[in-house]
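Topology and contacts: notes
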Amino acid sequence: MKRWLLVAGLAALAVPAFAAEKVKITFWHAFGGGRTAFIQRMVDDFNYTHPGIEVKAEYKGSYRDTLNAAILSARQGNPPHIVQIFEVGSQLALDSGIFVPIEDFVPADLKFQLADYIKPVANYYRIKGKFNSIPWNSSNPILYYNKTIFKKAGLDPENPPKTFGEVMKACEKIAATKAAPKCITWPLHSWFVEQWVAEQGALLANNENGRAARATDVFIDSEAMKRIMKWWKAMYDKGYYAYTGKPEDWDGSNQIFVSQQAAMEITSTSDVTFMQNAAFENGFELGTGFLPIPDGVERNGTVVGGASLWLTKAHPKKEQEAALTFLLWFTNTENMVRWHKGTGYFPVLNTSVKVLDWQHWFTRNPAYKAAFDQLLASKANRATQGALIGPFPEIRTIIENAVQAIFQGKPIDQALKEADAQADKALREYNASVGK
Amino acid sequence: MANEPHAAYKNPFLPWLLLLPTLVILVVFLYWPTIDTFRLSLYRVAFLGLKKTFVGLANYREIFTNPEYLRIFWNTAVFSAAVVFFSMAVGLFLSVLVNQKIGGKRFYRLFLIWPYALSPAVAGVIFLFLFNPQAGIVNYFLDTLFKVRPDWLTEPILAMSVLILAAVWKNVGYNVVFYVAGLQNLPGEVLEAALIDGASPWQRFWHVTFPLLAPMTLFLLVMNTIYAFFDAFPFVDLLTKGGPNGATNILIYNIYRDGFEFFKTGLAAAQSVVLFIAVVLLTIVQLRWGERRTHLGG
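The written sequence of each chain sets the order in which its residues are numbered from 1. To read the labels, note that chains go from A and ligands from 1, taken in the order they are written. In keeping with the model being predicted, local features are shown solely for residues with a pLDDT of at least 70 and side-chain atom pairs are shown and tallied solely at 80 or more, while totals for entire chains, interfaces and linings include all residues.

Re the interface of chain A and chain B
Which entries qualify depends on this criterion: Once C-beta atoms have been placed from the backbone, residue pairs whose C-beta atoms lie within 7 Å are recorded as contacts. Helix and strand definitions here come from DSSP, where helices need a minimum of 4 consecutive H or I residues and strands a minimum of 2 consecutive E residues; each element is numbered from the N-terminal end. Under the grouping applied here, Gly and all other residues not named as nonpolar or charged are polar, the nonpolar ones being Ala, Val, Leu, Ile, Met, Phe, Trp, Tyr, Cys and Pro and the charged ones Asp, Glu, Lys and Arg.
Counting residues at the interface gives 29 residues for chain A, matched by 26 residues for chain B. Listed by contribution, the elements that provide at least two residues to the side of chain A that touches chain B are α3 (63-75), α11 (250-258) and α19 (392-407) of chain A. Element by element, the count of residues in the side of chain A that touches chain B is highest for α19(A), at 6 residues. Among the residues making up the side of chain A that touches chain B, the classes are represented as 10 nonpolar, 13 polar and 6 charged.

Encoded structure:
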C-alpha cells in the first residue's frame, strides 16, 4: 500500500512537468564555421533564460541553399519557424507567400524595437512602409588598404583614395615604384556594381527601384553603369586590377590582398575582424576608407547588404509567439553589440550604437569606424534604399558576364545593351511565373 | 507448368516479392523523378514548384533557339569530347607503360590510381590553387622560367583548358585500372606470335594489343562519356562558375544554376531531358558501332 502511494505521489509530481512541455522552435541560418558556434552560444543563452522555449539553430549552407531548403520544406508542409534570407532574396521571399509580414505580429509592448533600427537599415527592409522581416546581419563595401605598401610607394598612408580617379593615380604610383605586383582587387561581383550605381544616385530598376510598385525594367545600359565599366576596364587593361578569374570569388580576392599581392581591396565590412587578424599575421598595417566613387558625382551612399530573419506561416499561435520572442531577443540592443564585436557586421540598432559609443568602441577600433561612418553618411533616397527585383540572383550573373565580356574586348555600349535586354527578359519571365 | 525444370519458384508471387525492395528503390529514386522531370519540363515553375503553369513545349523552344543555350550545347560538346579523348588516351598510354616488367610497377600503379580516389570537390580546389593567377604555383614557375603570368581563368580558351585538364586528371586513374586489367588478360600467345614474326613494338600495339582491347575501350568510352556529361559539375562550380562570360558554362552546371539559383525549374527540367536523351542516344550509337567492330565476350 505504501508503495502504491509513493508511485501515485511520483506520478502527481510528473504531471506538471508534462503539462509545461517546451515550445520547440527551429531557426535556419547560412553561417558556417566560427559563426555557427557564435550563433549557437547566443541560442544557448536564450534557452537558458527562457525555460518555456527551446530554440534549435541549424546551419543550412549558403544563402541560396537556405532559401531553397525553406521553400521545399514549406511545400512539404513542415517549414522551420525562422529563416535567414539574403537581402536580394527579399522580393522572392515576399512572392513565395510562405512567410508572414512580421510587423503585424510584433506585440505592442515590443514595437519600440522596430523604431530603433538605424535609418539605412530600416530603409532597406521596410517594404511599402512595413517590416516584413527582422533585419539582422548588415554590411557595406569599404576600401581596405595596406599602409605598409602605401608608405613604400610614397603615398600618404593616412589618406586613402576616395574617387575612381584617385585610385587610378595611386595605382600609377604603386606600379611605377613596384611597391606591389598589383594595385587593387575586389571580387568580380555584381554587388559592387550595384553599390556604385547607388553612390551616383542612380536606380537599378524602374518604379523607383521596384519600391513604389513591382519592377518591370532593369537599367543596365545607364550612364551610371557606363561610368563604372569604363574605369573598371581601364584598370584591368593597365594591369592595376586583379582578380582570380572566377566570378564571386570572395576568398580569392582576400587571398590576393592578404598575401600583399595587391595594395588595396574593396570588400564587405563583415570582413573587418578577419582583415585585422590577417594583417597582424602577415605583418602589415591595415587601413580602411570609404568606397571610392566616380569622379564628379555627389556621394549618395551605399546600400545595406546582408540578410534578415523571416517568420514562416502555418504554425500554431503558441509557436509563432515563441519564435517572435526569440527573434526580438536575438536582435535586441545587447545582442546586437555582441554580434557586431564578434563579426564586424553593423550594430543595426540606435541603442546598440549608443552602448558602443559609451564604451569608446569606435575610437579604440578605428577600422570599424570607417565602415560605420560610411553607412551613417548615406542619404536616404530610392537609390540607396536598394532595388527590389525578383530574379536578382540571375540579374547578378548577367551583370558579371557583361563585365567579363568587356574585359575580353567587347565594346562597353554593346555589352551593356545586350545585358540589359537579357535582364529585362529574365524579369519578364519571373513576373509572369509569379502571375504578376 | 509448376513441374517445369527451370521454374525455381513454385509461387508466382514469390519472385516479385523478393524483387520488391529493389523495385521500390528504383521507382522512388529513379523512375518517379525521371517521369516528374519530363512532366515539369512542360511547365513554367516558380519557387521550386509552389506555383506552376502549363506552357507546352515553350521551354524546349527557348533552349533550342536562344543563342545562350546553343552556346552551352557547344561548350558541352567541346568539353565532353576533349575529356573523353584525353582521359582515355592518357589512361591507355600510362597503362601500357606500367604494364611492362619494370621495378616498382606496383607503386606506379598505386600513384596513377590515386587521383581517382579523391573527391571531385577536392580535385577542383587543388586546381584552383594551382592556377590562381596571382598566388598559384603554376604562375610562380612560369614567371621564374619564362617571365609570363597567364590569366588562366580570365581567357576563355585557357579557362576551358584548365577545366578539361582538371577533369582528365581526375579520371585517368579510373581508365588505368580497367586498361591494366585488360592488358593483363590479353592472350599471351598472340603477342608472342607477333613478336616472333618480327613486329615492331609500335606494330604490336596498333595491330594486336589495341584491337584486342576493343571491348574494354568500348566500355570505357561509355563510362567516360557519362562522366564528362554528369560529373563535371564540381569542377565548373569551383574553378570558373561558368565564366568568363559563359565560356565554360556546360549543360550540367547550367541545369543546377537554372534550377536552384535562378528558380527556373521548368527550364532546368527541359535541359535535363535534353541531356538525358543525348546520353542515351550517344550510348546506343557507341554500342551499335562497337558491336560491329568488337567481339564482346568472344
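Looking at the confidence of the model for chain B
Note that predicted coordinates carrying low pLDDT should not be read in detail. Keep this limit in mind: The quantity known as pLDDT measures the predictor's confidence residue by residue, on a range of 0 to 100.
With 96% of its residues at a pLDDT of at least 70, chain B reaches an overall mean of 88. This prediction of the complex comes with two scores: 0.87 for pTM and 0.83 for ipTM.

A look at the pairing of strand β6 (residues 134-139) of chain A
Residue and element names in this part refer to chain A. Here is the rule we go by: Each residue is classified by how many other C-beta atoms fall within 10 Å of its C-beta atom, where C-beta atoms are placed from the backbone; a count of 20 or more means buried, 12 or fewer means exposed, and values in between mean partly exposed. One bridge is not enough; two strands pair if DSSP finds at least two bridges between them.
For β6, a buried count of 6 out of 6 residues is recorded, marking the element as mostly surrounded by other parts of the structure. Bridge analysis of β6 against strand β12 (residues 305-311) gives 4 bridges, and the strand direction is antiparallel. Counted as the bridge partner of S139 is G305 from β12.

Quick notes on the sheet that holds β6(A)
Residue and element names in this part refer to chain A. For the record, the criterion: With axes taken as lines fitted to C-alpha atoms, and helix axes fitted only over the stretch in contact, angles between N-to-C directions fall between 0 and 180 degrees.
Pairing is mixed in the open sheet, where 5 strands are placed in the order β2-β1-β3-β12-β6. Across the chains shown, the open sheet's two edge strands, defined by having one partner strand only, are β2 (53-59) and β6. Averaged over all pairs of adjacent strands, the angle between strand axes in this sheet comes to 20°, irrespective of strand direction. Where strand β1 (residues 23-29) meets β2, 7 bridges bridge the pair, whose relative direction is parallel.

Comments concerning the sheet that holds strand β10 (residues 262-268) of chain A
All names here are of chain A. The strand order β9-β8-β10-β7-β11 describes an open sheet built from 5 strands, whose pairing is mixed. Where the open sheet ends on each side, the last strands, each with one partner, are β9 (241-242) and β11 (286-289). As paired strands, strand β7 (residues 141-146) and β11 are joined by 4 bridges and run antiparallel to one another. Bridging across to β11, Y144 finds its partner in T288.

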